[in-house]
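Each chain is listed here by its residues.
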Amino acid sequence: MQKQNRTLFWRWFYGAVLVLVVGLLLTQPLTPEGRFALKMIPHHAQAVELARILQPRTDDENLRYFAQDVAQTQAAQIAQMRSWLPWWRQLTVGLERPDAQAAAAMGMASQEEIAELLALQGRAAETRFLQLMIRHHQGALPMIEQGLAEIKTSGLPRRLIEAMNWSQTSEIQTMERWLAERGGQKLPFDGAKLKHGH
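No experiment lies behind these values; they were computed from the predicted model shown. (Residues numbered from 1 in each chain as written. Predicted model: local features only at pLDDT ≥ 70, side-chain atom pairs only at ≥ 80, totals over all residues. Heavy atoms only, no water.)

On to the nonpolar core. Of all hydrophobic cores here, the largest spans 25 residues; its most connected members are Leu50, Leu63, Phe66, Leu117, Phe129, Leu130 and Met133. The set of elements that each furnish at least two residues to this core consists of α2 (32-54), α3 (61-82), α6 (111-118), α7 (122-150) and α8 (156-181). Ignoring any residue separated from it by four or fewer positions in sequence, one finds leucine 117 in contact with Leu50, Ile53, Arg57, Ala125, Arg128, Phe129 and Leu132. (Core = buried A, V, L, I, M, F, W, Y, C linked by side-chain atoms within 4.5 Å. Buried < 20%, exposed > 50% of the residue type's maximum accessible area, 1.4 Å probe, protein only. Helix = DSSP H or I, 4+ residues; strand = E, 2+ residues; numbered from the N terminus. Contact = heavy atoms within 4.5 Å.)

Let's shift gears to the side chain of glutamate 126. Checked against the element boundaries, glutamate 126 lands in helix α7. In this structure glutamate 126 comes out as buried when scored by relative accessible area, which is 7%. Setting aside its immediate chain neighbours within four residues, glutamate 126 contacts Leu54, Thr58, Asp59, Asp60, Leu63 and Arg182.

Next up on the list: the pattern of salt bridges. For the structure shown, the criterion picks out nine salt bridges. Among the ionic pairs, arginine 182 bridges to aspartate 60, the shortest N-O distance being 3.1 Å. Residue arginine 182 is found in the loop between α8 and α9 (192-195), and its partner aspartate 60 is found in the loop between α2 and α3; the two are separated by 122 residues along the sequence. By relative accessible area, which is 26% here, aspartate 60 ends up partly exposed. Across the pair arginine 182 and glutamate 126 runs a salt bridge, and its minimum N-O distance is 2.8 Å. Residue arginine 182 is located in the loop between α8 and α9, and its partner glutamate 126 is located in helix α7; the two are separated by 56 residues in the primary sequence. Connected via shared salt-bridge partners are Glu113, Glu116, Arg128 and Arg135. (Salt bridge = Lys/Arg side-chain N within 4 Å of Asp/Glu carboxyl O.)

What follows deals with the packing of α2 against α7. Where α2 meets α7, the closest approach of the two axes is 10 Å, and the angle between their N-to-C directions is 170°. Between α2 and α7, the interaxial angle falls into the category roughly antiparallel. A per-class count over the contact of α2 with α7 returns 14 nonpolar, six polar and four charged. (Axes fitted to C-alpha atoms, helices over the stretch in contact; angles between N-to-C directions. Parallel < 35°, antiparallel > 145°, perpendicular 65-115°, else oblique. Nonpolar A, V, L, I, M, F, W, Y, C, P; charged D, E, K, R; others polar.)

With that out of the way, let us pick up the environment of leucine 30. As for its position among the elements, leucine 30 is in the loop between α1 (2-26) and α2. In this structure, the C-alpha to C-alpha distance between leucine 30 and tryptophan 84, residues 54 residues apart in sequence, is 9.4 Å. Apart from residues no more than four positions distant in its own chain, leucine 30 is found in contact with Arg35, Leu38, Leu85, Pro86 and Arg89.

In structure tokens, the structure reads:
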């Protein structure tokens, strides 16, 4: 019985120490690149999700290729951004997701909107995807702007963020044209909320 109690104590002790160490590590300050990655990784992850949802629901070759490109490009960028984080943040970054208010401020789709897209096919799915992805890209631009303002050195992180800025701005214009061809209207988005931290 004594041996069993000692075993339980040491399990509890090591568990408590592990929780304490992880808690201390998570409070360590991040580099500007790390702060950008921590916000942008879940944002990119949803873009990949939306693109993969559309692919089997459209017969439009241009849109299907576009969705495939978004999924592949942003998945590759996620892998690059993970390397900007210390190892303990790499372990948790996939588990940390913005709350509903923060996600809306970043132009992200709600769970209800994703469920709606999953239920659509063909032209209706294309229109809804374009609406959601235009707003999603619009939500990325203020974060990109902030990242460029904070990351001054001309290394890989800044070059990647500059590439994001160019590609997402260009893709918004393309998607707006496709949405207009389908008679759709853009969803409202107030980027000022994200810029001012609301």
